[in-house]
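Listed here are the chains, written in short residue letters.
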Amino acid sequence: MLSGVLATDFNIFTYAALAMGLFGFVQSSINRLLSSIEPYFSATIHIDNDNNEAYDMLSDWLSKRGFEKSARASLVSVKNIRKPGDIIKMGKKILKFQPWEGSFSFWYRGHLITYSSSIDVGRCQITECLEEEVKLTSLGWSTDILKQLMNECMQEYLETFKDKIAIFEHRGHYWRKVDEKDVRPLSTVILNQSTKDLLLEDFRSFLSEDTQLWYVQRALPYRRGYLLYGPPGTGKSSLSFSIAGEFDLDIYVVSIPDCSDRDLRDLFENLPRTCVVLLEDIDAVGMSRESDADEGSDSNTKGRVQVHRKTSEATLSGLLNVLDGVTSQDGRIVIMTTNHREMLDEALIRPGRIDRQVVLPLADAEVISQLFMFLFGPVKGKGAAKVELKELKEEKAEVDPALRSQAHKFASIVPASTFSQAEIISYLFLHKDDPDGALAYCKEWVEEKMSEKRLPDTS
Ligand SMILES: Nc1ncnc2c1ncn2[C@@H]1O[C@H](COP(=O)(O)OP(=O)(O)OP(=O)(O)O)[C@@H](O)[C@H]1O
């Protein structure tokens, strides 16, 4: 009896193993056959992963369909993309698998497509990153079906990232996408209304077709620069991300202390058309002119200028060269942020490089009461990301009069131009469901913070 069961099991396992072996054999035969006839009867599209969103589009499309299961090797990473409105659950992470080195075939709209990926070990040693090249191959001489596939990948990808902006940071001299963030509605960045209107209008006007034509007709470099300056926690970064999202522009963040002049040149050469380049805390590198006046290469900048941080090889002239240079893409918008405008070299912020300087000061009475209404008032639903100037103004009218009066009382107790928006938000957050409590304890909080501010800085 036992031997009968074992014999049956043995047969099942044997057949299963044979079937799997046969399947593997057929698949690898197809792959071998395809690769031997490929040069004569096939069309191919090549996609490398070097700063190439097409690579991300394809890998997302394949992962969604579980094609990594057909691959003999998979690359695993933690997926940081959430659907709009998803709540982050602490301790929960989603793993994303994608095909990696090797090849497999799949059917797409009645066509057999072969995906193959190879790692360029030679380049990896130079660039210290995994350089992968992916090939999509189909039978026949036309690449039409492959283009259709890539178009579908792009449509799906754009749908997933609708209302999100991609954030790129640099690793040495190449860009890496590090995140996709939900667009932060501009209405959630609380600042003086006229400042917001001015910036919005300036962006809108710069990106309009008329303006582009105006630049083209006059052969002027079509680019724009902004300097946002003010004390820490007043919303410079928040505003930069929010305004980029408002205009569907991806953000490329540069940390100058980690760059050499060559890195800067390569990075600016590899920017896409129309994007926002964020040079954050530009004063933090402590750029100042050295007395040695001979080594500068920029005609506007006499003297070589080096950042104080020993590790950085970036020079001010190197930065100015990429800001002005021929490699600087049309449509590129640079936003520099700083807490110390007075420390910046005038050459860096002269008109043409910086077209608008916007100060974000500590919260005044108007902003203090807006922050109160924002935190305790009703929240606009999702999809309110793209607000019009008109809507922003109308929003105020919807506020409950009782809340408005509490907000005014709050603003009369909290001294103007003393606290940053971040400080006020963090206090209000302590009472997030309790506007009465926030009002009742705010005098105490102000006194405590004021005495902290009066303490001598021993750091
Ligand atoms: N004007 C504002 N409106 C809404 N939230 C703000 C505002 N200013 C600051 N915050 C909040 O405070 C925190 C810090 O803001 P943010 O990083 O934008 O300030 P920053 O001026 O860039 O600061 P730093 O100069 O230190 O880089 C964020 O969580 C942000 O949401």
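Throughout this description, residue numbers start from 1 for each chain and increase along the sequence as written. With pLDDT at 70 or above as the cut-off, local features in this predicted model cover only qualifying residues; side-chain atom pairs require 80 or more to be listed or tallied, and sums for whole chains, interfaces and linings still use all residues.

Q: What is the right way to look at the overall build of the protein in this model?
A: Along the backbone of the protein there are 15 helices and 15 strands. It is the C-beta atoms, placed from the backbone, that decide contacts: two residues are in contact if theirs lie within 7 Å. Look at the contacts in the protein between residues 6 or more apart in sequence, and 72% of them connect residues 24 or more apart. Every helix listed is a DSSP run of H or I at least four residues long, and every strand listed is a run of E at least two residues long, numbered separately from the N terminus.

Q: What's the story with the packing of helix H10 (residues 365-376) against helix H12 (residues 401-413) in this structure? I'm lost.
A: Relative placement of two packed helices is described by the angle separating their axes and the distance separating the axes. Here an axis means a line fitted to C-alpha atoms, over the contact stretch when the element is a helix, while the angle between two N-to-C directions is reported on a 0 to 180 degree scale. Two numbers describe how H10 lies on H12: the axes approach to 8 Å, and their chain directions differ by 135°. Viewed along their axes, H10 and H12 adopt a mutual orientation that is oblique. Crossing of H10 against H12: the hand is right-handed. Here H10 contributes Ala-365, Ile-368, Ser-369, Phe-372, Met-373 and Phe-376 to the contact with H12, which in turn contributes Leu-403, Arg-404, Gln-406, Ala-407, His-408, Phe-410 and Ala-411. Under the scheme applied here, ten amino acids are nonpolar (Ala, Val, Leu, Ile, Met, Phe, Trp, Tyr, Cys and Pro), four are charged (Asp, Glu, Lys and Arg), and all others, including Gly, are polar. Split by residue class, the contact of H10 with H12 holds nine nonpolar, three polar and one charged. The scheme is simple: roughly parallel for angles under 35 degrees, roughly antiparallel for over 145, roughly perpendicular for 65 to 115, oblique for anything else. For any helix crossing, the convention is left-handed if the near helix is rotated counterclockwise from the far helix by under a right angle, and right-handed if that rotation is clockwise.

Q: What exactly am I supposed to notice about the sheet that holds strand S5 (residues 111-119) here?
A: One key point about sheets: their strands pair by backbone hydrogen bonds, in either a parallel or an antiparallel sense. Here we have four strands laid out as an open sheet, ordered S1-S6-S5-S4, and antiparallel in their pairing. The open sheet has two free edges, formed respectively by strand S1 (42-48) and strand S4 (102-108), since each of these has just one partner strand. When the angles between neighbouring strand axes are averaged without regard to direction, this sheet yields 20°. Looking at chain direction, S1 and strand S6 (residues 132-139) are connected through seven bridges and run antiparallel. Following the sheet pairing, Ser-42 is matched in S6 by Leu-139. Against the sheet, helix H2 (residues 53-64) contacts S1 and S6, and its axis sits at roughly 110° relative to S1. Seen against the sheet, helix H4 (residues 144-160) touches S1, S4, S5 and S6 and runs at an angle of roughly 130° to S6. Whether two strands pair comes down to DSSP finding at least two bridges between them.

Q: Can you walk me through helix H7 (residues 236-246) in this structure?
A: Residues with at least 20 other C-beta atoms within 10 Å of their own are called buried, those with 12 or fewer are called exposed, and the rest are partly exposed. The C-beta atoms themselves are positioned from the backbone. Burial analysis of H7 places nine of its eleven residues in the buried class, the great majority of the element. Taken residue by residue, H7 has Lys-236, Leu-239, Ser-240, Phe-241, Ser-242, Ile-243, Ala-244, Gly-245 and Glu-246 as its buried positions.

Q: Would you explain the sheet that holds strand S7 (residues 164-171) in this entry?
A: Strand order across the open sheet formed by seven strands is S8-S7-S10-S11-S14-S9-S15, with mixed pairing between neighbours. Each edge of the open sheet carries a strand with a single partner, namely strand S8 (174-182) and strand S15 (356-359). Here the strands of the sheet are splayed against their neighbours by 25° on average, with no regard to which way each runs. Sheet analysis places strand S11 (residues 275-279) next to strand S14 (residues 332-338), joined by five bridges and oriented parallel. Each residue of the ladder has a partner; that of Val-276, found in S14, is Ile-333.

Q: Explain the site of the ligand to me, please; I cannot follow it from the model alone.
A: Lining the immediate surroundings of the ligand are 15 residues, of which Pro-232, Gly-235, Ser-238, Gln-421 and Ala-422 lie closest. Those elements that place two or more of their residues in the shell around the ligand are H7 and helix H13 (421-430). Its residues assigned to classes, the shell around the ligand comprises six nonpolar, eight polar and one charged. Domain extents, as shown, originate in an automatic or database domain assignment. Split by domain, the shell around the ligand shows at least three residues from each of two domains, domain 2 (178-359) and domain 3 (365-454). By definition, a residue lies near a molecule or strand provided its backbone-derived C-beta atom is within 6 Å of it.

Q: Looking at this model, I keep getting lost on unusual backbone geometry. Mind explaining?
A: Leaving glycine out, the prevailing phi sign among residues is negative, and the prevailing peptide bond configuration is trans. The phi angle at Thr-274 is positive, at roughly 60°, despite the residue not being glycine. Examined against the element boundaries, Thr-274 turns out to sit in the loop between helix H8 (261-269) and S11. Given 18 C-beta atoms within 10 Å, Thr-274 falls into the partly exposed group. The backbone phi angle of Ser-417 is positive, close to 55°, even though this residue is not glycine.

Q: What should I look at first to understand the pairing of S11 in this one?
A: Every other side chain in a regular strand lies on the same face of the sheet, so the side chains alternate between the two faces. Across the five residues that make up S11, a large majority, five, are buried. Note on handedness: a clockwise path from strand one over the helix to strand two, with the strands aimed away from the viewer, defines a right-handed crossover. Crossover handedness for the path strand S10 (residues 251-254) to H8 to S11: right-handed.

Q: I tried to follow the environment of Asp-434 on my own but got confused; where do I start?
A: Positionally, Asp-434 belongs in the loop between H13 and helix H14 (435-440). It is 45 Å that separates the C-alpha atoms of Asp-434 and Glu-53, two residues lying 381 residues apart in sequence.

Q: What is the right way to look at the nonpolar core in this model?
A: Within soluble globular proteins, side chains that are nonpolar tend to cluster in buried spots. Counting residues in hydrophobic clusters, the biggest one holds 61 residues, and the most contacted among them are Val-276, Val-277 and Ile-368. Ranked by residue count, the leading element in this core is H10, at six residues. Structurally, this core is a two-domain feature, drawing no fewer than three residues from each of domain 2 (178-359) and domain 3 (365-454). What Val-277 contacts, discounting residues up to four positions off in sequence, is Tyr-252, Val-254, Leu-271, Arg-332 and Val-334. Nonpolar core, as used here: buried Ala, Val, Leu, Ile, Met, Phe, Trp, Tyr and Cys residues forming one set through C-beta atoms within 7 Å.

Q: I would appreciate a short explanation of H12 in the present structure.
A: Here the expected span of a helix is defined as 1.5 Å times the quantity of residues minus one. Its 13 residues place the ends of H12 19 Å apart at the C-alpha level, agreeing with the 18 Å of an ideal helix rising 1.5 Å per residue. All of the buried residues along H12 are Ala-407, Phe-410 and Ala-411. Taken down its axis, H12 places every buried residue within 95° of arc, on the same side. The exposed set on the far side of H12, more than 90 degrees from its buried face, consists of Pro-401, Ala-402, Ser-405, Ser-412 and Ile-413. Each C-beta atom gives one direction from the helix axis, and the arc is the one those directions make.

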